Amino acid sequence: MLLLLATVPTFGQTRVVRGQVFSKKDNQPISGASIILKGTAIGTATDFEGRYILQVTQESFTLVYSYFGYQPEEVYFGDDNLVDVYLVPLEEGEELLVVQPVEAKEEEDIEEEPITLQKDAARFKSPGDLIENIPFQSFDRAMQGRVAGLAVKAASGIPGGLVNARVRGVGSIFAGNEPLYIVDGVLINNISFSQFTQTNPLAFLNPNEIESIEVLKDAASTAIYGNQGANGVILVTTKKGKQGRARVELNAYAGETMPIKYLDLLDGPGWYAMRRDAFKNSEASIPEARALSNMGVLPDNWNQLSPAELDAIGLNLPTYDWQRQMMGNSMLHNYEMNVSGGTKSTTYYLSGSYHFSGSSFDPVDFERGTIRASIKQNIGKRISLEANANLASIAQNVPFSLDGSFLGNPAYASSLILRHNPIFNEDGSFNEQIGGLAGQNIAQVNAFNSGENNSRFGVGNVGLNYNIAKNLNYRGTAGVDYRDMEEFRFRDPRTPDGAEVNGRNAVASHLVERYMTHHTVDWTKRFDNSVLSIYAGYEFLMEERESKFSEVTGISTPTLNNLLSGATLVSMDSIWTGYRRQGAYLGVNYQLAEKYLFHVGSRVDGSSRFGRNFTYGIFPFVKLGWNISNEEGLKDSEFLSLLRLRASWGMSGNDQIGDFRAIGLFGPGNTYSGGQGLRPISFDNPNLRWETNETINLGLDFGFAEGKVTGSVDVYDRRTKDLLLNLPILWINRGENFLRNIGELRNRGIELEISTTNLQRGDFSWHSSLVFSYVKNEVTSLYNNLQVMPDNPRLAIGQPIGNPAFPGQQAPGAWYLAEYAGVNPATGRPMWWDANRNYTYLPGNGDRVYLGSNFPPYSGGFNNTFFIKGFELTTFFTYEFGALVSDGQYNFLRENGTRFTFNALRDVNDRSWTAPGDMTDIPRNFALSGGEAARSQIRNFGSASLLKGDFIRLAQVKLAYSFSTELLRNIGLQQARIYAQGINLWTLTDYPGYDPEFMGTGTGQIPIHKSYNIGIQLSF
């Protein structure tokens, strides 16, 4: 919503413009039309459906469109990167020249060439068709690897689930790290409030409705967003109507999702043999009987059987595939239609869509229906009105749990349960006699327990544009972000989680209402060889949230689950919260001779979240630019098409601290005189203020070989000052800590984006793009000159900060563990390094070292697109390197049955030490804690539990074919395109778990999946 002014400067990489060319006579696409950058030989031609793509290294320019038998058309490009052009046939044009006399225009009717200022900041603007038809439920998921400086990771494989996005590292420990999302000027609350599943608030918008996505990264760009822009800003512009005849577009695709991987687990006989040998290593008596007993299959007459007979029982046990029983394929389909068009005074866009996606764990799914409308109406020559409305309804079947819940969680226990256990009895009923520690039938748990989340969204705004006088414009908008949610979770009395209370039912509801208004005035004037722009604005936002929760037990009829109230009310709670925020800003931008740029501005912001002594903050910025390629001697260079140097400094704030952290509050305390007492739960904090990000950014944009090689390099230093840290307080105050602004963080890095046209001959062309990001973060200051936080040694000066998995969580800090040294080849005992770099079997706290964090310093993507005649082939890879993660599920499997009677990975078991001289990282198996086993730490102690999260993933492969306009014209179509694509088809990694892409502890998250789909696009 902020700065919706065409005159407010932006800064970025070489532009890629695209669109379609049509005949104005019959609205049919023109194949082979020529598009030339005016004044150069740079150009391209349209394909069979009239589409074109052209890389241009200038900030503002004119393209000349021509085709035999048609009048040439010149189009000036200011901010738009997507333009459709309608060419007029020569005979029609000549007739128009005769019939339509040229009238003298009044001075006020003369349309001046639009004034476009040079770009001056670190930001990335992407056309929406880069993520078109990628079957993700929210656009943030599809941005992974496409923007330098933006690290994106799916929190889990739940369709429509949370996405972890970080712009230029992790900038806070206790405050949030989420970027600010703005959709058509509406500031979105992107926090999920569901208690039973992951709901992504950005999933209200069909990604195919997006025209462009712009990522603002440096503080000079985000400072204008005040105390909410410290973590970056992501601007989303949706599709709007364009002048011309009505155009109808249909798009549909269908496919299948499937698990990205199945773990290779021990079968029934294999687990028995592993456990038998572990008892032998522990020098236990009758190891065969002990192993069978662990599995729950020891016969009653076992003491009458010889070891060989017992061994025969174990080695002939059956094997059942619990993973494939719980994990499998699911459907994926999407249908959408839009109608757009307009006249000179009115343009409109109306669309509807339906989307369904399953997951690798049934019944978890996502179902969405949307309606979107956009209209713009010109009133006279000075006033225009516009309105945008997005309505969505989303239903999700919820998983058993999001993370943890240990053995009852099917996503967790499907790999841990011993595979000799039958899933079903012979009569088809669920087998309830499960041997091993995972002693419940998780297929039964998954079938009988249920839950659902239903969300409704309303996001939109209305706007007024008023040309007050020549060069002076006003824009005002009012917007709303509305979301209400209802959900339930049922635990069936026939399953362990509901058996003791005869069933359990929990119900919750959540309401989020956010209202905002924004007003801007700008004055822009072109002088002889310079442009001056002055702008000012004001914004106000209010938000309220309300949640209710209740839980009952004693469900008499399980098949009715949430329809019954239950016999006993266990708990009931309600929460209300909210805040207010307002801000004003002023900026001046001066550009000289299209070569030199100076831009300065500031914002004053106030928020009810901060202490009364620091309600308001000031966030200034300065930007400088030098377009070297426009200097004499270079501007006519045939080799160098662009060389621009950028520098900026700015400050932005972080208000993601909760609504009442600065206010003294009371909550329930101990009983007093038979009544409920009160106690302080937080203390008055009048000096609490925002964390401030101060960023210095240096950038270079370049273009060579007539625009065939373009790109940008940015280096930055982002410092978080007034870092919020919790100070411990005396227990007598009945509180635990006190939030203060007393620390500093630093993120610094380099970003590279390169686009190339590798080959362009005739009907064939090959285009590539590379995105690379490196970021190093570290703590630079703590309170009282401390080097380490006393209550959390993972937070230490000079050490990195980890990535918090979900909004509202504290950043985890660096890994601080005893370093694993491998296995003693003589004895098979696990070893660690002590503080003196000597081997030890029993490391202590003093032996711990810092070992990095779970945030990847290196990330990016690599895209290739090939065009030949009507065919298009796209391959897109993403990558991450340098993160160290802990996967709770893998760690249990790595124990190889030594602590619990869980299943194990075949690879881990095969790598186990078995004889002197074995060089391996997996220790000797023991089943009892005596002897050498008791004189060592557990095998997963320290860094033995850490894994490298490195991967390179083939994230997308797409093959498309566009039919020729000559073929379509006879059946009344303007465009027809068919496509097939695969998502997450291949991953290069040494990661031994399901997948390295997850957030959290790894104990029960549904892993991400791969998918295939085919689709068709039609336009009339």
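None of the values given here were measured: they were computed from a predicted structure.

Colleague: Sorry if this is basic, but what is going on with the overall build of the protein here?
Modeller: Of the regular secondary structure elements, the protein holds 13 helices and 47 strands. For the protein, the C-alpha radius of gyration of 32 Å lies close to 31 Å, the compact-globule estimate for 1020 residues. Projected onto its principal axes, the C-alpha coordinates of the protein cover approximately 115 × 70 × 60 Å. Counting across all 1020 residues of the protein, residues that qualify as buried make up 55%. When contacts within the protein are restricted to residue pairs at least 6 apart in sequence, those whose partners lie at least 24 apart make up 70%. Side-chain charges of the protein comprise 88 positive and 108 negative groups, with the mean position of each set lying 3 Å from the other.

Colleague: What am I meant to see in the packing of aromatic side chains here?
Modeller: Two numbers describe a pair of aromatic rings. These are the distance of the centres and the angle of the planes. Counting across every chain of the model gives 25 aromatic pairs. Counting every residue linked through ring pairs, the aromatic cluster contains Tyr 412, Phe 892, Phe 900 and Phe 902. The ring of Tyr 579 carries Arg 609 above its face, with NZ or CZ at 3.7 Å from the centroid.

Colleague: Honestly, the packing of helix α4 (residues 268-281) against helix α6 (residues 307-315) in this entry has me stumped. Any pointers?
Modeller: Two packed helices can be described by the angle between their axes and the distance between those axes. Relative orientation of the contacting elements α4 and α6 amounts to 140°, with a least axis distance of 8 Å. Viewed along their axes, α4 and α6 adopt a mutual orientation that is oblique. Here α4 contributes Pro 269, Tyr 272, Ala 273 and Arg 276 to the contact with α6, which in turn contributes Leu 310, Asp 311, Gly 314 and Leu 315. Tallied by class, residues from the contact of α4 with α6 come to 5 nonpolar, 1 polar and 2 charged.

Colleague: Even after reading the chapter, I still don't get α6, so can you show me in this structure?
Modeller: For the α-helix, the turn length of 3.6 residues means that residues three or four positions removed from each other point alike. Along α6, the positions that sit buried rather than exposed are Leu 310, Asp 311 and Gly 314. All buried residues of α6 lie within an arc of 100° about the axis, which places them on one face of the element. Close packing links the buried residues of α6 with α4 and α5 (287-294).

Colleague: Quick question: what am I supposed to make of the nonpolar core here?
Modeller: Buried together is how nonpolar side chains tend to be arranged in soluble globular proteins. By size, the foremost hydrophobic cluster in this structure holds 47 residues, and its most contacted members are Phe 139 and Leu 150. Of all hydrophobic cores here, the second largest spans 33 residues; its members include Ala 411, Ala 443, Val 885 and Tyr 991.

Colleague: Would you mind going over the environment of Arg 419 with me for this structure?
Modeller: Note on placement: Arg 419 falls in the loop between α8 (410-413) and α9 (442-448). Along the primary structure Arg 419 and Tyr 466 are separated by 47 residues, whereas in three dimensions their C-alpha atoms are 71 Å apart. A polar contact of 3.2 Å, which involves the side chain of Arg 419, links it to the backbone oxygen of Leu 265.

Colleague: Would you explain the pairing of strand β41 (residues 858-868) in this entry?
Modeller: Taken residue by residue, a regular strand's side chains alternate between the two faces of the sheet. Across 11 bridges, strand β33 (residues 764-781) lies against β41 in antiparallel orientation. Each bridged residue has a counterpart across the sheet, and for Ser 768 the counterpart in β41 is Asn 864. Pairing geometry for β41 and strand β42 (residues 871-881), over 11 bridges, is antiparallel. In the strand pairing of β42, Ile 868 is matched with Phe 871. Here β41 hands over to β42 after 2 residues, with Lys 869 in that stretch at a positive phi of 50°.

Colleague: What exactly am I supposed to notice about the sheet that holds strand β37 (residues 820-823) here?
Modeller: Spatially, 3 strands are ordered β37-β38-β39 in an open sheet, and the strand pairing comes out antiparallel. Edge positions in the open sheet fall to β37 and β39 (839-840), since each of these has one partner strand only. The sheet contact formed by strand β38 (residues 830-833) and β39 spans 2 bridges and is antiparallel. Within β39, the residue paired with Trp 833 across the bridge is Tyr 839.

Colleague: Is there a simple way to think about unusual backbone geometry in this case?
Modeller: Residues other than glycine predominantly adopt negative phi, and peptide bonds predominantly adopt the trans conformation. Going from Asp 362 to Pro 363, the amide bond is cis rather than trans, its omega being 10°. Mapping Pro 363 onto the fold places it in the loop between β17 (346-358) and β18 (365-379). At Asn 896, a residue that is not glycine, the phi angle is positive and equals roughly 55°. Residue position: Asn 896 is located in the loop between α11 (888-894) and α12 (906-911). Judged by its relative accessible area of 0%, Asn 896 is buried.

Colleague: Honestly, α4 in this entry has me stumped. Any pointers?
Modeller: Between its first and last C-alpha, α4 extends 20 Å over 14 residues, near the 20 Å set by a 1.5 Å rise per residue. Of all the 14 residues making up α4, 10 are buried; the element is thus mostly covered by neighbouring parts of the structure. Listed in full, the buried residues belonging to α4 are Gly 268, Pro 269, Trp 271, Tyr 272, Ala 273, Met 274, Arg 275, Arg 276, Ala 278 and Phe 279. Where the residues of α4 are buried, they touch α5, α6 and α12. The opening residue of α4, the one whose side-chain oxygen lies 2.7 Å from the backbone nitrogen of Gly 270, is Asp 267.

Colleague: Sorry if this is basic, but what is going on with a nonpolar patch on the surface here?
Modeller: A surface patch of nonpolar side chains, amounting to about 440 Å² of accessible area, comprises Ile 379, Leu 385, Leu 464, Tyr 466, Ile 468 and Val 521. With 3 residues, the single largest contributor to the nonpolar patch is strand β20 (residues 450-469). Relative to the assigned elements, Tyr 466 resides in strand β20. Exposure remark for Tyr 466: the relative accessible area of 32% places this residue in the partly exposed category.

Colleague: Help me understand the confidence of the model for the protein in this model?
Modeller: Close inspection of predicted coordinates is inappropriate in any region flagged by low pLDDT. Across the protein, the average pLDDT comes to 87, with 91% of residues at 70 or higher. This model gives residues 1-13 a pLDDT under 50, and the stretch forms 62 contacts once residues within four places in sequence are excluded. Taken together, the stretch residues 91-118 has pLDDT below 50 and engages in 36 contacts with residues farther than four places along the chain or on a different chain.

Colleague: Please explain the environment of Ala 395 as it appears in this structure.
Modeller: Position of Ala 395 among the secondary structure elements: in strand β19 (residues 383-397). A sequence separation of 290 residues divides Ala 395 from Asn 685, and the C-alpha atoms of the two residues are 41 Å apart. Excluding residues within four positions of it along the chain, Ala 395 makes contact with Asp 365, Phe 366, Glu 367, Asn 453 and Asn 454.

Colleague: How do you make sense of the pattern of salt bridges when you look at a structure like this?
Modeller: Close approach of charged atoms lets side chains of opposite charge pair. Throughout the structure, instances matching the rule amount to 44 salt bridges. One salt bridge in this structure joins Glu 997 and Arg 141, with 3.5 Å as the shortest N-O distance. Placement of the pair is Glu 997 in the loop between β46 (975-988) and β47 (1009-1019) and Arg 141 in helix α2 (residues 139-142), with a sequence separation of 856 residues. Of the two residues examined, Glu 997 and Arg 141, each falls in the buried class. With its nearest N and O atoms 3.1 Å apart, the salt bridge here joins Glu 551 to Arg 504.

Colleague: I tried to follow the sheet that holds strand β4 (residues 51-56) on my own but got confused; where do I start?
Modeller: Strand pairing in a sheet takes place through backbone hydrogen bonds and is either antiparallel or parallel in direction. Pairing within the open sheet is mixed, and its 3 strands lie in the order β4-β1-β7. Across the chains shown, the open sheet's two edge strands, defined by having one partner strand only, are β4 and β7 (85-87). Recorded for the sheet is a direction-independent mean angle of 35° between the axes of neighbouring strands. Taken together, the 6 bridges between strand β1 (residues 15-23) and β4 define a ladder with antiparallel strand orientation. Among the inter-strand pairings, Gly 19 is bridged to a residue of β4, identified as Tyr 52.

Rules of the game
- Residues numbered from 1 in each chain as written.
- Predicted model: local features only at pLDDT ≥ 70, side-chain atom pairs only at ≥ 80, totals over all residues.
- Heavy atoms only, no water.
- Helix = DSSP H or I, 4+ residues; strand = E, 2+ residues; numbered from the N terminus.
- Rg over C-alpha atoms; globule rule 2.2 N^0.38 Å.
- Buried < 20%, exposed > 50% of the residue type's maximum accessible area, 1.4 Å probe, protein only.
- Contact = heavy atoms within 4.5 Å.
- Lys, Arg positive; Asp, Glu negative; His and termini not counted.
- Charge placed at Lys NZ, Arg CZ, Asp CG, Glu CD.
- Phe/Tyr/Trp six-rings, centres within 6.5 Å; stacked < 30°, edge-to-face > 60°.
- Lys NZ or Arg CZ within 6 Å of the ring centre and 35° of its normal.
- Axes fitted to C-alpha atoms, helices over the stretch in contact; angles between N-to-C directions.
- Parallel < 35°, antiparallel > 145°, perpendicular 65-115°, else oblique.
- Nonpolar A, V, L, I, M, F, W, Y, C, P; charged D, E, K, R; others polar.
- Arc of directions from axis to C-beta.
- Core = buried A, V, L, I, M, F, W, Y, C linked by side-chain atoms within 4.5 Å.
- Polar contact = N/O pair within 3.5 Å; in protein donor to acceptor, adjacent residues only side chain to side chain.
- Pairing = 2+ DSSP bridges.
- Expected span 1.5 Å × (residues − 1).
- Patch = residues over 30% accessible without salt bridge, like charges linked within 9 Å, V, L, I, M, F, W, Y side chains within 5 Å.
- Areas by Shrake-Rupley, 256 points an atom, 1.4 Å probe, with all protein chains shown as cover.
- Salt bridge = Lys/Arg side-chain N within 4 Å of Asp/Glu carboxyl O.
- pLDDT = per-residue confidence, 0-100.

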